[in-house]
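Reading the structure
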Amino acid sequence: MLTYKNSGVNIDEGNRAVDLIKGKIKETYDSNVIGDLGNFSGSYSIKDFMWMEDPVLLASTDGVGTKLKIAQMMDKHNTVGIDLVAMCVNDLICQGAKPLFFLDYIALGKLVPEHIDNIVSGITDGCKMSSCSLIGGETAEMPGMYGEDDYDLAGFSIGIADKKKVISGENVKSGDVLVGISSSGVHSNGFSFIRKIFLDEYKYDLSKEIEELGMSLGDALLTPTKIYVDLALDAIKNNNIKAIAHITGGGLIENIVRVIPKGLGLDIDSSSWDKPAIFKMIESFDAIEKRELHKSFNMGIGLVMIVDKENGEKLVDFINNRNNKNIDFVEDKYKKLMEDRAYIIGQVTDIHNSVELI
């Protein structure tokens, strides 16, 4: 007799995976979560935000991209869940939204409950780091679409903000300064290029320890994307932040211009911040033009805030003297990379739609 299992889909293994992860998921719940795991939809009350004059919901969706290829090659799956959450919630806070809840989608060729457990462990850590509840998700076993060891991730997050306090960038003017906040490394953009550089061109072994990185190349590339939610919300409370840019695909050159009025430009001093070792290593190859590097990667700056010139140093001091509790959620080898450092990295100019990289 034919069964669903004969076609490559094992419902029993799916149920076992749920048993492994449900405890971790419940650890992300706050008092606003309604119902329990297993409902057809997730429910979340917004009663705690009724004090807002005009509450607005903001939504973000993203994935981890081809960084997953490195995770699959290394058979290391406990960090990409943090990446997934980070890519969504870091976008929400660019408009000043507090993330409320998160949903995930995992598609794979063969469901291995222990792999799901590792991935979801990272997702729940990311949710805790951003004070966000994981209220639902979907795991789709899709033989024929994916190889047995292949999988893809997508995430969805909803945040809330008072409409009058949404950060729009509309008041940014020439002379305002760019405060850059350190990244933990490559984050989750540019990995097709990363694989081209390290694996295709220079034939690196991902598992080999590299002294300047303090770990193997594979482990360095799997450093979790930094989550900036608590930092950004604290900064917004204590400083007049005009605009925030999450430095994702397009790097510093293309992301900051998304949050400033048309007609303005940017001067960015690429020597004004300390770069993680992985970027120093790439620069040492002397094979990629400077502008291409800063258009392809974050180059050590994961988030940029724009403030009046007179408030720049105040914001830098605020960030540099703040305790980053998110470090507690990552492996010891990543803790130093996850520390927050802020720098004044440039300014807004009145040169029409120009981005000058010094």
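The structure presented is a predicted model; accordingly, all values stated were derived computationally and were not measured. (Residues numbered from 1 in each chain as written. Predicted model: local features only at pLDDT ≥ 70, side-chain atom pairs only at ≥ 80, totals over all residues. Heavy atoms only, no water.)

Some thoughts on the overall build of the chain
- What the chain contains, in helices and strands, is twelve helices and 14 strands.
- By the compact-globule yardstick of 21 Å for 358 residues, the chain fits well, its C-alpha radius of gyration being 21 Å.
- Along the three orthogonal principal directions, the C-alpha set of the chain runs to about 75 × 55 × 35 Å.
- Here the chain holds 358 residues, and the buried ones make up 53% of them.
- Across the chain, contacts joining residues at least 24 apart in sequence account for 84% of those joining residues at least 6 apart. (Helix = DSSP H or I, 4+ residues; strand = E, 2+ residues; numbered from the N terminus. Rg over C-alpha atoms; globule rule 2.2 N^0.38 Å. Buried < 20%, exposed > 50% of the residue type's maximum accessible area, 1.4 Å probe, protein only. Contact = heavy atoms within 4.5 Å.)

Some points on the side chain of Ser157
- On the secondary structure map, Ser157 appears in strand β6 (residues 151–162).
- The residues contacting Ser157, other than those within four sequence positions of it, are Leu58, Ala59, Ser60, Cys88, Val89, Leu92, Pro99, Phe101, Phe102 and Cys132.

Overview of the packing of aromatic side chains
- For the structure on display, the rule yields seven aromatic pairs.
- Between Phe198 and Phe285, the aromatic rings sit 5.7 Å apart at their centres with planes inclined by 70°, giving edge-to-face as the arrangement. Taken together, the residues span a long stretch of sequence, with Phe198 in helix α5 (residues 191–201) and Phe285 in the loop between α9 (277–284) and α10 (290–296) at a distance of 87 residues.
- Sitting over the face of the ring of Trp273, Lys275 holds its NZ or CZ atom 5.1 Å from the ring centroid. (Phe/Tyr/Trp six-rings, centres within 6.5 Å; stacked < 30°, edge-to-face > 60°. Lys NZ or Arg CZ within 6 Å of the ring centre and 35° of its normal.)

Here we look at unusual backbone geometry
- The backbone phi angle of Ser131 is positive, close to 50°, even though this residue is not glycine.
- Exposure remark for Ser131: the relative accessible area of 40% places this residue in the partly exposed category.
- Of note, the phi angle at His187 is positive, near 60°, even though the residue is not glycine.
- Secondary-structure assignment places His187 in the loop between β7 (177–182) and α5.

Let's talk about the environment of Leu108
- With respect to the helices and strands, Leu108 occurs in strand β4 (residues 98–108).
- Residue classification places Leu108 among the buried residues on the basis of a relative accessible area of 5%.
- The sequence separation of Leu108 and Met142 amounts to 34 residues, and the corresponding C-alpha distance is 5.7 Å.

Quick word on the state of the cysteines
- On inspection of all chains with the given rule, the structure shows zero disulfides.
- Just so you know, Cys88 is unpaired, no disulfide at all, and the nearest cysteine sulfur is the one on Cys132, 9.1 Å from it.
- Of the residues examined, Cys88 reaches a relative accessible area of 0% and is grouped as buried.
- Looking at Cys127, it has no disulfide partner, and the nearest cysteine sulfur is the one in Cys132, 4.8 Å off.
- According to the relative accessible area criterion, Cys127 is buried, its value standing at 1%. (Disulfide = S-S within 2.5 Å.)

Focus on the sheet that holds β6
- With mixed pairing, four strands are arranged side by side in an open sheet as β3-β6-β4-β5. Two strands close off the open sheet at either side, each with one partner strand: β3 (55–63) and β5 (133–141). The average angle at which neighbouring strand axes cross in this sheet is 15°, direction not considered.
- Pairing between β4 and β5: eight bridges, direction parallel. Across the sheet, the residue bridging to Ala107 is Ala140, located in β5.
- Relative to the sheet, helix α3 (residues 80–92) contacts β3, β4 and β6, its axis offset from that of β3 by approximately 140°. (Pairing = 2+ DSSP bridges. Axes fitted to C-alpha atoms, helices over the stretch in contact; angles between N-to-C directions.)

Nothing here speaks to function; it is all geometry.
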